[in-house]
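Below are the chains, spelled out letter by letter.
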Amino acid sequence: MTAIPLAAGPALAEAPSSQTHSSHAETPKAASHPDALAQVRVVTAALAPVSAQVVLTGDIQAKFLSNIAFRVSGKIQERLVEVGEHVTADQVLARLEPQEQQVNVDTAQAALASAEALLTQAKVSFERQQSLMRSGYTTRTAYDQAEQTLRTTQASVESAKAALGNAREQFSYTELKTGVAGIITARNAEAGQVVQSGQTVFTLAQDGPRDAVFIVSETLLAEPPEGRTVDIVLLSDPRVRTTGTVREISPAVDPSSGGVRVKIGLSKVPPEMSLGAAVAGLGRFRARQAVSLPWSALFRWQDQPAVWVLDPASNTVAPKTVTIDRYAGSAIVLSGGIAPGERVVTAGIQLLRPGQTVAVVGEDAQ
């Protein structure tokens with residue numbers, strides 16, 4: 001009996017109908033040997049641990065962003081930095097026109113000078129009353145009044161000094177400084193613009209820790225990951241790699257993207273992973289038991305994915321629809337349709353029809 005050679009069918013190949021099968025009748029060997037059995041290879045379905053790997057694209061962002069604003073209101077006199085520029089903690093970013101604050105400083109200085117003059121006069125009066133008191137030429141009331149005046153003027157001097165210090169501090173606020181080193185990522189005001197105290201003028205990405213930020217489908221978050229560690233790869237140079245841990249998961253869906261924002265804190269930041277660099281995140285979900293089959297076992301039956309199942313008692317095959325969970329390289333992972341222990345045809349599926357008797361010539365290992 002002449003055997004028909006094995007051939008692995010492509011994924012989702014159409015199952016031959018009775019009309020299609022009859023068209024093969026003109027094949028020389030099939031016509032001369034109508035009783036020839038189709039030779040197939042099979043695999044026994046079994047549950048095995050399957051771990052899914054997810055690859056997402058995102059970008060590098062600073063862990064800490066600061067909105068830089070003036071502490072006093074006024075008109076911006078000049079702007080000294082551009083977006084993308086690295087600044088130090090004590091670098092001046094912009095200046096306000098200082099006329100109002102300068103007037104306050106001058107007024108406070110004049111008030112201090114007046115208070116100090118009154119203090120000098122009060123000291124002289126008190127010293128005179130002390131001398132007269134020792135000689136008995138003054139009253140106790142006059143002495144106490146001179147002492148009270150001295151203490152009052154001393155307090156006035158201290159108050160004037162504090163007012164002058166406050167005025168000078170307000171004057172220093174006309175120069176905008178960050179207080180921390182970082183990179184300017186946004187500019188919201190220009191020279192000549194009047195700004196209020198607290199109004200954001202610059203946005204600063206602080207030096208230090210970095211995050212890889214991804215927009216993740218909320219369905220991925222329903223299944224727990226295998227671990228908190230995620231591999232981060234620079235897309236422009238896959239040789240640049242680092243790892244990170246999940247630091248923050250947004251509690252709400254981002255309305256602009258329809259996904260959930262996830263921040264991965266990087267354990268180490270390579271110099272090549274600068275702000276805004278595109279990266280890929282590779283993570284694994286917790287392994288679970290599932291049936292996986294070679295892709296060559298898959299074909300289409302009645303517009304649904306299916307496989308050929310062998311009946312070991314009669315050596316006949318029958319199509320059976322399956323539910324595909326995902327494709328994993330050269331295999332397909334099923335979420336339903338095939339039970340462990342069933343024998344599935346993996347080679348020779350293009351020659352089969354429902355109820356056909358076949359000859360098993362080998363069994364693939366799982």
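Before any of the text, the structure's been laid out above.
Residues numbered from 1 in each chain as written. Predicted model: local features only at pLDDT ≥ 70, side-chain atom pairs only at ≥ 80, totals over all residues. Heavy atoms only, no water.

## Some points on the overall build of the protein chain
Here's step 1: Within the protein chain, the regular secondary structure consists of four helices and 25 strands.
Here's step 2: For the protein chain, the proportion of contacts with a sequence separation of at least 24, taken over those separated by at least 6, is 75%. (Helix = DSSP H or I, 4+ residues; strand = E, 2+ residues; numbered from the N terminus. Contact = heavy atoms within 4.5 Å.)

## Digging into helix α3 (residues 99-135)
Here's step 1: In this model α3 runs 55 Å from its N-terminal to its C-terminal C-alpha over 37 residues, within 8% of the 54 Å that 1.5 Å per residue would give.
Here's step 2: Listing the buried residues of α3 in full gives Gln101, Val105, Ala108, Leu112, Ala115, Leu119, Ala122, Phe126 and Gln129.
Here's step 3: Each element contacted by the buried residues of α3 is listed here: α4 (140-172).
Here's step 4: Just downstream of α3 lies Gly136, where phi reads positive at about 80°. (Expected span 1.5 Å × (residues − 1). Buried < 20%, exposed > 50% of the residue type's maximum accessible area, 1.4 Å probe, protein only.)

## Some details on unusual backbone geometry
Here's step 1: Phi angles above zero are rare outside glycine, and Gln302 is one such case at about 55°.
Here's step 2: Of note, Gln302 is situated in the loop between β19 (299-301) and β20 (304-311).
Here's step 3: Assessed through its relative accessible area of 62%, Gln302 is described here as exposed.

## Examining the packing of α3 against α4
Here's step 1: Following both chains from N to C, one finds α3 and α4 inclined at 160°, their axes separated by 7 Å at the closest point. In terms of orientation, α3 lies roughly antiparallel with respect to α4. Seen along the crossing, α3 lies across α4 with a hand that is left-handed.
Here's step 2: For the contact of α3 with α4, the per-class residue count stands at 20 nonpolar, twelve polar and six charged. (Axes fitted to C-alpha atoms, helices over the stretch in contact; angles between N-to-C directions. Parallel < 35°, antiparallel > 145°, perpendicular 65-115°, else oblique. Left-handed = near helix turned anticlockwise from the far one by under 90°. Nonpolar A, V, L, I, M, F, W, Y, C, P; charged D, E, K, R; others polar.)

## A word on the sheet that holds strand β3 (residues 47-50)
Here's step 1: Here we have four strands laid out as an open sheet, ordered β3-β18-β23-β22, and antiparallel in their pairing. Of all strands in the sheet, those bounded by a partner on one side alone are β3 and β22 (323-328). Across this sheet, the average inter-strand angle for adjacent strands is 50°, counted without regard to direction.
Here's step 2: Looking at chain direction, strand β18 (residues 288-294) and strand β23 (residues 331-336) are connected through four bridges and run antiparallel. Counterpart to Ser292 in the pairing with β23 is Val333. (Pairing = 2+ DSSP bridges.)

## Quick notes on the pairing of strand β15 (residues 241-253)
Here's step 1: Bridging between strand β14 (residues 229-234) and β15 involves five bridges; their strand directions are antiparallel. What sits directly across from Val233, in β15, is Arg241.
Here's step 2: Where β14 folds back on β15, the antiparallel hairpin that results is connected by six residues.
Here's step 3: Across six bridges, β15 lies against strand β16 (residues 260-266) in antiparallel orientation. In the strand pairing of β16, Glu248 is matched with Lys263.
Here's step 4: As consecutive antiparallel partners, β15 and β16 are separated by six residues, and within that stretch Gly258 has a phi angle of approximately 80°, a positive value.

## Some details on the side chain of Thr242
Here's step 1: Position of Thr242 relative to the elements: it lies in strand β15.
Here's step 2: Of the polar contacts made by the side chain of Thr242, one reaches the backbone oxygen of Lys268; its length is 2.7 Å.
Here's step 3: Setting aside residues no more than four positions away along its own chain, Thr242 makes contact with Val230, Asp231, Ile232, Leu266, Ser267, Lys268, Pro270 and Met273. (Polar contact = N/O pair within 3.5 Å; in protein donor to acceptor, adjacent residues only side chain to side chain.)

## Quick notes on the packing of aromatic side chains
Here's step 1: Scanning the entire structure with this criterion turns up three aromatic pairs.
Here's step 2: Between Phe126 and Tyr143 the ring centres are 5.5 Å apart and the planes differ by 35°, which places this aromatic pair in the tilted class. Here the residue Phe126 occupies a position in helix α3, and Tyr143 occupies one in helix α4, the gap between them amounting to 17 residues.
Here's step 3: Exposure remark for Tyr143: the relative accessible area of 13% places this residue in the buried category.
Here's step 4: Clustering of aromatic rings is evident, with ring pairs tying together Phe299, Trp301 and Trp308. (Phe/Tyr/Trp six-rings, centres within 6.5 Å; stacked < 30°, edge-to-face > 60°.)

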